[in-house]
Protein chains: 2
Amino acid sequence: MDRTSIGVGLIGCGTVGTGVLRLLSHEDEIRARVGCSLRVHKIAVRDLEAERDDVVDKSLLTTSVSDVLTHPEIDVVVEVMGGIEPARRVVADALKHGKQVVTANKALLAAHGDVLLSYADQHDLDLMFEASVAGGIPVIRALRSSLASDRVQSIHGIINGTSNYVLTEVEQSGASLDEVVKEAQKLGYAEADPSADVDGFDAAAKLQILMCLAFGTSVTQATPEVRSIVPLCSIDFEYARSFGYRIKPLAVARKDGDQIEAWVGPALVPEEHVLAGVSGVYNACYLNSQAVGPLLFYGQGAGMMATAVSVVADVIDTSRNLIAGATGRRQPAAETGASILVVDSGRSARPHYLRLTVEDRPGVLGRIATALGAHQISIQSLVQDDHRPNTNAEIMILTHDVLGSDVMKAVAEIDRSADVRAATLVLPIEDPERA
Amino acid sequence: MDRTSIGVGLIGCGTVGTGVLRLLSHEDEIRARVGCSLRVHKIAVRDLEAERDDVVDKSLLTTSVSDVLTHPEIDVVVEVMGGIEPARRVVADALKHGKQVVTANKALLAAHGDVLLSYADQHDLDLMFEASVAGGIPVIRALRSSLASDRVQSIHGIINGTSNYVLTEVEQSGASLDEVVKEAQKLGYAEADPSADVDGFDAAAKLQILMCLAFGTSVTQATPEVRSIVPLCSIDFEYARSFGYRIKPLAVARKDGDQIEAWVGPALVPEEHVLAGVSGVYNACYLNSQAVGPLLFYGQGAGMMATAVSVVADVIDTSRNLIAGATGRRQPAAETGASILVVDSGRSARPHYLRLTVEDRPGVLGRIATALGAHQISIQSLVQDDHRPNTNAEIMILTHDVLGSDVMKAVAEIDRSADVRAATLVLPIEDPERA
């Protein structure tokens, strides 16, 4: 189809939306790369009077979402409002109006992706979401297209920039996690309510999207186990290093036959592994596939322009599809994973790191070691740290291979003993190269 | 268009071709991801009697290329024969017969890419080449699609696995480069004639392809400066490390206005940079873009299956295009770079590493330092090593920022003096984060 322009409508005009408009303003380059120009016709916002960047053409603003969804010249709707409702309704309505949709909304996909994706698929519409995982890093495209003939075996992601920033700062400054989160909030790296980031729900939603593409699981139903980074403190990073590890906020999915072990949370990674060096706000995705072997993607996982580049890449791709009359091209692995079971990390044997806070008195260490032994938990290393100015001591333990569920059972019992003064921290040790 | 199968023909059935057949044999997965099955109809080979893997259906073999190119049921021709001729004629003829073409042949693209790509473009045909650069790493797709709205500013690649393997081995074993190349030939990591790899021509061809996509330069005309890794020896790695650097076989393209500095060769990289850790046969591509910032792609740059996955990803993409009736979609930046000038590394100021082999007698070091000073080359560090069992000494020098062309002029003069016993080695110091 010969076209002189493709119409774009935005729902939302916050940070990412403004970034999208800035990129679309490079009109000559866009035209050369799409084959026709992309023209923004309408931008739906909540507040017409809010202060906005110069790149936002105020004459296009409207408070009515349906002005965008029903606009006859708008072909592509870009949803950058965030949140689950009303974003779900907006995306569903846009598809019902026959619009191609680009979204950066991982929470929406994790909650309602199955219905939305299958509607788009049935109606030959594009529903694209590169920016929903790892900001500017094109890992969605890699899974959807580059690895289409391969069999992905495992995914190891550092896909929440806030928690990676927080852990890196705790490690480097020795400050408490609480202090660092407050500082991150001041810097704009953490939300007023940091729970989605630090407790792992944001990374879990992104992992659901990656698993859907890699393994064909349901994006909505296949949910990973989630652990928070909140219980960590700087001493954990010191001892992890002394044992030869770094602590990273991982999102892990590992396929074994018809089972996928999937979890999100802080874990110890061998210090020589490439993921151990991914620090600060950077994101990374490490894939292991049968034919290609290991692949690493690394870059900025968030930020106005990085995210906007991924949104506009999708806008350009769907525009190319529109020009070719070929929207709604098949997603890979969309229907192969129905029988796959998602299990948590407790089912597989691996070493674990434990930090016990105990009363500083003779005999404690022996009793703890004995109790672990009674649960068949074999100790690789054990260090006692009693230099902190209080009456407690801390015992850091590295176990041999042991089931996570067995560790949790043992710890639950040990934590009830009179020696133990606070809940024991348990972290898995995750080697991405382990088969 | 509804299709029950898409026909594929192979030209060549060596290592990569066999890998392609192995992946295509996963019929159910391929069908789920393409939307119809991919069927191989013909495989053109030189020798019908050669021993072949079981995955090769002998009944499909032919020695006649035109059996493939004229086969009515073949939609996609996969060129995995390698070399420039007759591959050029085969690809040109396949396009003339209206076939979509997938190739892994970087030498062909670097020599004749402009003509072939523009023919495909004019006739709405796909000519895809993900496997031509960095094997299984999807950097071509990233440039073509993910970064389509961004402005790439620099490319730093380690895109020749053989030279990276050789340099890593020299660094780790202390053996001579010559010995390591011989060992690599035995292991199958280096060709009988290793020149294309160790002298940089292979990486240069790949860099031409990356520059074409990133900057819109002519793939054929925009050729980088090329330097060999052959003059390096293990002492260079030792001293590079003592200065805080690692030596890596780089391919660099850096845009500055209408100029692109482009070169291939060994260079010193700051040891804390992520590229410094890319070792052995691994490849990496580090892109810096205006909006996305830095992006790293890392993985296996060669090998049967890694390369085959990229070839089959292209076969699947062109098949999806065929089903949608949408082949020949526009390449980005195809016509924007006509006025861009490619310049060599000598035009920009940076620190350099020099190794001088001099007669071991008093006063030499002073005379060398004086001569460099006379050429305005300011020295940051200087180390003399005279522990080797011969009458020569070696002087390792790290300069301050200086034009490469000035260093070469100074060295040419100094090398004529009676003190100097062998050609001086000059390596640039390349910091990928330098603007």
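What you see is a predicted model, and the numbers here were worked out from it, not measured in a lab.

Chemist: Help me understand the relation of the copies chain A and chain B in this model?
Modeler: Each copy of the chain is related to the other by a rotation around an axis and a translation along that axis. With an axial shift of 0.0 Å and an RMSD of 0.0 Å, the rotation relating chain A to chain B amounts to 180°. Both copies of the chain, as the preceding transformation shows, are related through a two-fold rotation axis. Minimal C-alpha separation from the rotation axis in chain A is found for Phe297 of chain A, amounting to 2.4 Å.

Chemist: It is not clear to me how the sheet that holds strand E1 (residues 5-11) of chain A should be interpreted in this structure. Could you clarify?
Modeler: Think of a sheet as strands paired side by side through backbone hydrogen bonds, with each pair either parallel or antiparallel. Residue and element names in this part refer to chain A. Taken together, the 6 strands give an open sheet; going across it, the order is E3-E2-E1-E4-E5-E6, and neighbouring strands pair in parallel fashion. At either end of the open sheet lies a strand with only one pairing partner, and these are strand E3 (61-62) and strand E6 (127-128). Bridge count for strand E4 (residues 76-79) against strand E5 (residues 100-103) is 4 bridges, and the pairing is parallel. Bridge pairing in E5 links Val76 to Gln100.

Chemist: What is the right way to look at the interface of chain A and chain B in this model?
Modeler: Note on interface size: it is often stated as the accessible area lost on association of the parts. Facing the 53 residues of chain A at the interface are 53 residues of chain B. Carbon and sulfur atoms supply 55% of the area buried between chain A and chain B, which totals about 4,400 Å² over both sides. Our count for the contact surface shared by chain A and chain B stands at 2 salt bridges. The residue Glu29 of chain A makes a salt bridge to Arg151 of chain B at a minimum N-O spacing of 2.5 Å. At the junction of chain A with chain B, the criterion picks out 14 residue pairs in polar contact (both at pLDDT 80 or more). For the side of chain A that touches chain B, the elements supplying multiple residues, two or more each, are helix H2 (27-34), helix H6 (139-146), strand E12 (293-300) and helix H12 (304-324) of chain A. Here the side of chain A that touches chain B gets 10 residues from one element, more than from any other, and that element is H12 of chain A. Broken down by class, the residue content of the side of chain A that touches chain B amounts to 28 nonpolar, 14 polar and 11 charged.

Chemist: Looking at this structure, how should I read H6 of chain A?
Modeler: Since one α-helical turn is 3.6 residues long, residues separated by three or four positions face the same way. With 8 of its 8 residues buried, H6 of chain A lies for the most part within the structure. Every buried residue of H6 of chain A is listed here: Val139, Ile140, Arg141, Ala142, Leu143, Arg144, Ser145 and Ser146 of chain A.

Chemist: I would appreciate a short explanation of the sheet that holds strand E19 (residues 420-428) of chain B in the present structure.
Modeler: Residue and element names in this part refer to chain B. The antiparallel open sheet is built from 4 strands, whose spatial order is E16-E17-E15-E19. Each of the sheet's edge strands pairs with one partner strand only, and the pair in question is strand E16 (379-385) and E19. For this sheet the average axis-to-axis angle between neighbouring strands, irrespective of direction, equals 15°. In this sheet, E19 lies alongside strand E15 (residues 352-359) in antiparallel orientation, the contact comprising 6 bridges. Each bridged residue has a counterpart across the sheet, and for Arg355 the counterpart in E19 is Leu425.

Chemist: Teacher, can you tell me more about helix H11 (residues 234-242) of chain B here?
Modeler: Where H11 of chain B is concerned, the buried positions are Ser234, Ile235, Asp236, Phe237, Tyr239 and Ala240 of chain B. One or two steps after H11 of chain B, the chain reaches Gly244 of chain B, where phi turns positive at roughly 95°.

Chemist: Got a minute to help me understand the pattern of salt bridges in this structure?
Modeler: Once their charged atoms are close, side chains differing in charge can pair, the charge on each being opposite to the other. Residues and elements named next belong to chain A. Under the counting rule described, the total for this entry stands at 50 salt bridges over all chains. Between Asp419 and Arg361 there is a salt bridge, and its shortest N-O distance comes to 2.8 Å. Residue Asp419 is located in the loop between helix H14 (404-414) and strand E19 (420-428), and its partner Arg361 is located in the loop between strand E15 (352-359) and helix H13 (364-374); the two are separated by 58 residues in the primary sequence. Accessibility expressed as a relative area gives 6% for Asp419, which makes it buried. With relative accessibility at 34%, the residue Arg361 sits in the partly exposed group.

Chemist: I tried to follow a nonpolar patch on the surface on my own but got confused; where do I start?
Modeler: Together, Leu187, Tyr189 and Val281 of chain A make up a nonpolar patch on the protein surface, roughly 250 Å² of accessible area in all. Overall, the relative accessible area of 46% leaves Leu187 of chain A in the partly exposed class.

Chemist: Honestly, the environment of Thr307 of chain A in this entry has me stumped. Any pointers?
Modeler: Residue and element names in this part refer to chain A. Considering the arrangement of structural elements, one finds Thr307 in helix H12. Filtering out sequence-adjacent residues up to four positions away, Thr307 remains in contact with Val16, Ala131, Gly135, Gly136 and Ala302. Only 2.9 Å separates the side chain of Thr307 from the backbone oxygen of Gly303, close enough to count as a polar contact.

Chemist: How should the confidence of the model for chain A be read in this particular structure?
Modeler: In low-pLDDT regions, the fine details of the predicted coordinates are not to be read closely. Summary statistics for chain A give a mean pLDDT of 92 and a share of 96% for residues scoring 70 or more. Both scores are given for the predicted complex: the pTM is 0.90, the ipTM 0.85.

Chemist: I tried to follow the environment of Leu117 of chain B on my own but got confused; where do I start?
Modeler: Residues and elements named next belong to chain B. Of note, Leu117 is situated in helix H5 (residues 106-122). Residue classification places Leu117 among the buried positions, given a relative accessible area of 18%. Excluding residues that lie within four positions of it along the chain, Leu117 makes contacts with Leu127, Phe129 and Val219.

Chemist: What am I meant to see in unusual backbone geometry here?
Modeler: For residues that are not glycine, phi is negative in most cases, and the peptide bond is trans in most cases. Residue and element names in this part refer to chain A. For the peptide bond that leads from Glu85 to Pro86, omega is 5°, which places it in the cis range. Of note, Pro86 is situated in the loop between E4 and helix H4 (87-96). Positive phi values are uncommon outside glycine, yet Asp124 reaches one of about 55°. With respect to the helices and strands, Asp124 occurs in the loop between helix H5 (106-122) and E6.

What counts, and at which threshold
- Residues numbered from 1 in each chain as written.
- Chains lettered and ligands numbered in written order.
- Predicted model: local features only at pLDDT ≥ 70, side-chain atom pairs only at ≥ 80, totals over all residues.
- Heavy atoms only, no water.
- Least-squares fit on C-alpha atoms with pLDDT ≥ 70 in both.
- Pairing = 2+ DSSP bridges.
- Helix = DSSP H or I, 4+ residues; strand = E, 2+ residues; numbered from the N terminus.
- Contact = heavy atoms within 4.5 Å.
- Buried area = accessible area lost by both parts, 1.4 Å probe.
- Salt bridge = Lys/Arg side-chain N within 4 Å of Asp/Glu carboxyl O.
- Polar contact = N/O pair within 3.5 Å; in protein donor to acceptor, adjacent residues only side chain to side chain.
- Nonpolar A, V, L, I, M, F, W, Y, C, P; charged D, E, K, R; others polar.
- Buried < 20%, exposed > 50% of the residue type's maximum accessible area, 1.4 Å probe, protein only.
- Axes fitted to C-alpha atoms, helices over the stretch in contact; angles between N-to-C directions.
- Patch = residues over 30% accessible without salt bridge, like charges linked within 9 Å, V, L, I, M, F, W, Y side chains within 5 Å.
- Areas by Shrake-Rupley, 256 points an atom, 1.4 Å probe, with all protein chains shown as cover.
- pLDDT = per-residue confidence, 0-100.

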